[in-house]
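Structural overview for review
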Amino acid sequence: MGKGGSLSDSVIKKILLSYTYVAIWIFLSFTVIVYNKYILDKKMYNWPFPISLTMIHMSFCATLAFLLIKVFKVVEPVSMSRELYFSSVVPIGALYSLSLWLSNSAYIYLSVSFIQMLKALMPVAVYSIGVLFKKEGFKTATMVNMLSISFGVAIAAYGEARFDTWGVILQLGAVAFEATRLVMIQILLTSKGITLNPITSLYYVAPCCFVFLLVPWIFVELPVLKETSSFHFDFVIFGTNSFCAFALNLAVFLLVGKTSALTMNVAGVVKDWLLIAFSWSVIKDTVTPINLFGYGLAFLGVAYYNHSKLQALKAKEAQKKTAQADEEAGRLLDERDGEGTGKKNESQN
């Protein structure tokens, strides 16, 4: 009973911890999205400056990442040359800054629920760009699945009560830049054996994002901010908002590190449905039956895509284990043959 009990307790503890990490990630992701919407929406806090908000996030996250890596040494930095930084990290930083700028801008024009529905196009964008850069093989079945997701999102868009063309363009642009960033991480970093966790990623990428955003900020938002003499920087609002954004990156680090990327995908689906429910019930955004039907179709397509990716990953892992087992068996056989030859030589002597 002792061993069985201890095993059972450890399994229960592991499950509870996994659910705790999932709950923390969902809560923080949910909070950051709703908080950004609250700050940027003209009907709420009414501070429609997405570039400024993103720059505040980047400076806050870069500072905390620097403290965690260089001062408190919680995370080990990645060895990186200046040439590698400029050839690999800088392009990724440029794409990330554009993705964040456009996605935050979309909150001014679109409802939280509709933005989540449009984000369902992310697998479509990642797969299409992956095929374009030859990181993914073209498969007819996968492309049909991508078209089904796109069709579902198109139906959701058709049923949107507060459809805004400019807002949709901004969000689709954000999806395209984010998908390109994810593919470029594979090409520019992963292929070179460099893996960045969310903290080291912020340490290297956040300052780069800040510099890229500084240029459009000077021409687009700074002149307007100068004219807004009534505005006073609220350290509580922007401080807590930035802290939530940084905590979300820590939560990603915990969730993927302690569970798996698939768990994060499943948690993401739960978060999206919660946000749609919250947007409808609390913010009072209009969510139509056509919205839900379209998003439901897209959701099924995304779920099938994640399932297919998991099955392919399992098959790859099984193939790798089989190859390792064959290699080990071959090595043992060679050792036995070597021992047998040695004994035969001794008996002849």
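The name that an unreviewed UniProt entry assigns to the protein is Probable sugar phosphate/phosphate translocator At5g25400, with the source organism given as Durio zibethinus. Within the UniProt record for the protein, the comment given under Subcellular location (unreviewed entry) is "Membrane".

Right, let's talk about the pattern of salt bridges for a bit. Applying the stated criterion across every chain yields a total of 5 salt bridges. D41 serves as the salt-bridge partner of K37, at 2.7 Å between the closest nitrogen and oxygen. Note on D41: relative accessible area 6%, which makes it buried. One salt bridge connects D272 with K271, and the closest N-O pair in it is separated by 3.6 Å.

Moving on to the environment of L202. One can find L202 in helix 8 (residues 198-220). Judged by relative accessible area, which is 4%, L202 ranks as buried. Residues L202 and L64 lie 138 residues apart in sequence; the distance between their C-alpha atoms is 9.1 Å. Setting aside chain neighbours within four positions, we find L202 in contact with C61, A62, A65, P207, F246 and N249.

Orientation of helix 2 (residues 50-71) relative to helix 8, taken along the N-to-C sense of each, is 155 degrees, at an axis distance of 8 Å. It follows that helix 2 is roughly antiparallel to helix 8 by the angle criterion. By crossing handedness, the relation of helix 2 to helix 8 is classed as left-handed. Split by residue class, the contact of helix 2 with helix 8 holds 21 nonpolar, 4 polar and 1 charged.

Let's shift gears to the packing of aromatic side chains. Inspection of every chain in the model, using the stated rule, returns 13 aromatic pairs. Ring centres of F30 and F278 lie 5.0 Å apart, and the angle between their planes is 80 degrees; this geometry places the pair in the edge-to-face category. Of this pair, F30 sits in helix 1 (residues 2-40) while F278 sits in helix 11 (residues 261-281); the two residues are 248 residues apart in sequence, bridging distant segments of the chain. Of the residues examined, F30 reaches a relative accessible area of 18% and is grouped as buried. Between the aromatic rings of Y203 and Y204, the centroid separation amounts to 4.9 Å while the plane-to-plane angle is 80 degrees, which identifies the pairing as edge-to-face. The burial state of Y203 is the same as that of Y204; both residues are buried.

Another aspect to go through is the side chain of S29. With respect to the helices, strands and loops of the structure, S29 is situated in helix 1. When neighbours within four sequence positions are excluded, S29 is seen to be in contact with L248 and K271.

Ranked by size, the top nonpolar core spans 46 residues in total, and within it I39, W47, F114, M117 and F238 carry the most contacts. Once you skip the residues sitting within four places of it in the chain, I39 turns out to touch Y45, N46, W47, L53, I237, F238 and N241.

The grouping of F66, V71, F72 and V74 at the surface amounts to a nonpolar patch, some 420 Å² of accessible area in total. By the secondary structure assignment, F66 is in helix 2. Accessibility expressed as a relative area gives 42% for F66, which makes it partly exposed.

On to the confidence of the model for the protein, then. Looking at the protein as a whole, the pLDDT averages 87, with 91% of positions reaching at least 70. Mean pLDDT in the protein bottoms out at helix 12 (residues 289-348), which sits at 78, and peaks at helix 2, which reaches 95. Of the regions scoring below 50 in pLDDT, residues 1-6 engages in 0 contacts with residues more than four places distant in sequence or in other chains.

Take unusual backbone geometry next. As a rule of thumb, non-glycine residues mostly have phi less than zero, and peptide bonds are mostly trans rather than cis. Despite not being glycine, K73 shows a phi value in the positive range, around 55 degrees. Note that K73 resides in the loop between helix 2 and helix 3 (82-109). We classify K73 as exposed; its relative accessible area is 58%. The phi angle at K134 is positive, at roughly 60 degrees, despite the residue not being glycine. What makes K134 exposed here is its relative accessible area of 75%.

Basis of the calculations
- For every chain, the first residue of the written sequence is number 1, and numbering continues from 1 along that sequence.
- With pLDDT at 70 or above as the cut-off, local features in this predicted model cover only qualifying residues; side-chain atom pairs require 80 or more to be listed or tallied, and sums for whole chains, interfaces and linings still use all residues.
- Note: side-chain values were computed over all heavy atoms of the structure, leaving out hydrogens and water.
- UniProt positions are given in the numbering used here, feature names are shortened, and annotations may be inferred rather than shown by experiment.
- Whenever a carboxyl oxygen of Asp or Glu lies within 4 Å of a side-chain nitrogen of Lys or Arg, that contact is scored as a salt bridge.
- Note on classification: 1.4 Å probe, protein chains only; a residue is buried when its accessible area is under 20% of the maximum for its type, exposed when over 50%, partly exposed between these limits.
- In this description a helix means any DSSP run of H or I spanning at least four residues, a strand means any run of E spanning at least two, and both kinds are numbered starting from the N terminus.
- Should any heavy atoms of two residues lie within 4.5 Å, those residues are considered in contact.
- Only the contacting stretch of a helix is used when fitting its axis, a line to C-alpha atoms as for every element, and angles between N-to-C directions run 0 to 180 degrees.
- The cut-offs work like this: below 35 degrees is roughly parallel, past 145 is roughly antiparallel, 65 to 115 is roughly perpendicular, and the gaps in between are oblique.
- Rotating anticlockwise by less than a right angle from the far helix to the near helix defines a left-handed crossing, while the corresponding clockwise rotation defines a right-handed one.
- Classes in brief: Ala, Val, Leu, Ile, Met, Phe, Trp, Tyr, Cys and Pro nonpolar; Asp, Glu, Lys and Arg charged; the others, Gly included, polar.
- Between 30 and 60 degrees the pair is tilted, below 30 it is stacked and above 60 it is edge-to-face, where a pair is any two Phe, Tyr or Trp rings, Trp via its six-membered ring, whose centres lie within 6.5 Å.
- As used in this record, nonpolar core signifies buried Ala, Val, Leu, Ile, Met, Phe, Trp, Tyr and Cys residues forming a set joined through side-chain atoms within 4.5 Å.
- To count toward a patch, a residue needs a relative accessible area over 30% and no salt bridge; like charges are then connected within 9 Å, while nonpolar side chains (Val, Leu, Ile, Met, Phe, Trp, Tyr) are connected within 5 Å.
- Only the protein chains shown count as cover for residues, and the accessible areas themselves come from Shrake-Rupley with a 1.4 Å probe.
- pLDDT expresses, on a scale from 0 to 100, how confident the predictor is about each individual residue.

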